[in-house]
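Results of the structural survey
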Amino acid sequence: MAYDKFNILTSTAVPLPLENVDTDQIIPARFLKATERKGFGDNLFRDWRYHGDNTPKENFVLNNPTYSGKILVGGKNFGSGSSREHAAWAVYDYGFRCVVSSFFADIFKNNCLNIGVLPVQVSPEFSEQIFDAIYKDANTEIEVNLPEQTITIKSTGAQESFHINSYKKDNMLNGFDDIDYLQNIKGDIETFANGLML
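About the thresholds
- Residues numbered from 1 in each chain as written.
- Predicted model: local features only at pLDDT ≥ 70, side-chain atom pairs only at ≥ 80, totals over all residues.
- Heavy atoms only, no water.
- UniProt positions renumbered as here; feature names shortened; annotations may be inferred.
- Core = buried A, V, L, I, M, F, W, Y, C linked by side-chain atoms within 4.5 Å.
- Buried < 20%, exposed > 50% of the residue type's maximum accessible area, 1.4 Å probe, protein only.
- Helix = DSSP H or I, 4+ residues; strand = E, 2+ residues; numbered from the N terminus.
- Contact = heavy atoms within 4.5 Å.
- Lys, Arg positive; Asp, Glu negative; His and termini not counted.
- Salt bridge = Lys/Arg side-chain N within 4 Å of Asp/Glu carboxyl O.
- Phe/Tyr/Trp six-rings, centres within 6.5 Å; stacked < 30°, edge-to-face > 60°.
- Lys NZ or Arg CZ within 6 Å of the ring centre and 35° of its normal.

- The name recorded for the protein in an unreviewed UniProt entry is 3-isopropylmalate dehydratase, from Flavivirga amylovorans.
- For the protein, the Catalytic activity (unreviewed entry) comment in UniProt is given as "(2R,3S)-3-isopropylmalate = (2S)-2-isopropylmalate".
- Word for word, the UniProt comment on the protein under Function (unreviewed entry) is "Catalyzes the isomerization between 2-isopropylmalate and 3-isopropylmalate, via the formation of 2-isopropylmaleate."

Structure below.
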């Protein structure tokens, strides 16, 4: 399933400075019945966003009109817990294209990369700088430059580099998942296979 190409993203950000946000909090287990990637955004952080009667919890950041954008800035150890890929689907379907944290659970990180959400791991110090900038001014923009592998706080100019696997980077730049990548090099595979048969 192809997704939007990721190149340079400049956006305001939503702060969620909570540590150990696990996948059951990102998308509760009762919403895992669907097998398509659509509709999960409605239930992103469902139990944090809504009361039992489905009315919004005013004190949760996603219900606060002050904060918006395509970047979610989370606390340390974001995406821990079970390996459900639905958690990454929910993040993407809600509209986030990048999640920033000082540490990600590996499986969640890979699930994000597979569907077009860029997980950007920064130092704890830089994470604090981002939170400080957002709380100082909710209109603060963050620039995430995938080709250069940098993240920049536009208001201060503070910048840090981040790591990404070269294969996943190429896929994100082209909007490919693993199957799209294989289809894209189908000709090369066939040429190689034909050479083996000679």
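Now, onward.
Quick word on the nonpolar core
- With 55 residues, the main nonpolar core has Phe45, Phe78, Leu118 and Val144 as its most contacted residues.
- Counting residues per element, this core draws most heavily on helix H3 (residues 86-94), which supplies six residues.
- Those residues in contact with valine 144, other than ones at most four positions away along the chain, are Phe6, Asn7, Ile8, Leu9, Ile71, Cys98, Leu118, Val120, Thr150, Ile151 and Phe162.

Concerning the side chain of lysine 169
- Within the secondary structure, lysine 169 is located in helix H6 (residues 166-174).
- Of the side chains with opposite charge, glutamate 148 lies nearest to the buried lysine 169, which makes no salt bridge, at 7.4 Å.
- Among residues more than four places away in sequence, those in contact with lysine 169 are Leu146, Pro147, Gln149 and Ile164.

As for the packing of aromatic side chains
- Under the counting rule described, the total for this entry stands at nine aromatic pairs.
- Between the aromatic rings of phenylalanine 45 and tryptophan 48, the centroid separation amounts to 5.5 Å while the plane-to-plane angle is 5°, which identifies the pairing as stacked.
- Between tyrosine 94 and phenylalanine 96, the aromatic rings sit 5.2 Å apart at their centres with planes inclined by 25°, giving stacked as the arrangement.
- Connected via pairs of aromatic rings, a cluster forms that spans Phe45, Trp48 and Phe60.
- Sitting over the ring of tyrosine 50, arginine 46 keeps its end group 4.3 Å from the ring centre.
- Here the basic side chain of arginine 97 rests over the ring of tyrosine 92, its NZ or CZ set 3.8 Å away from the ring centre.

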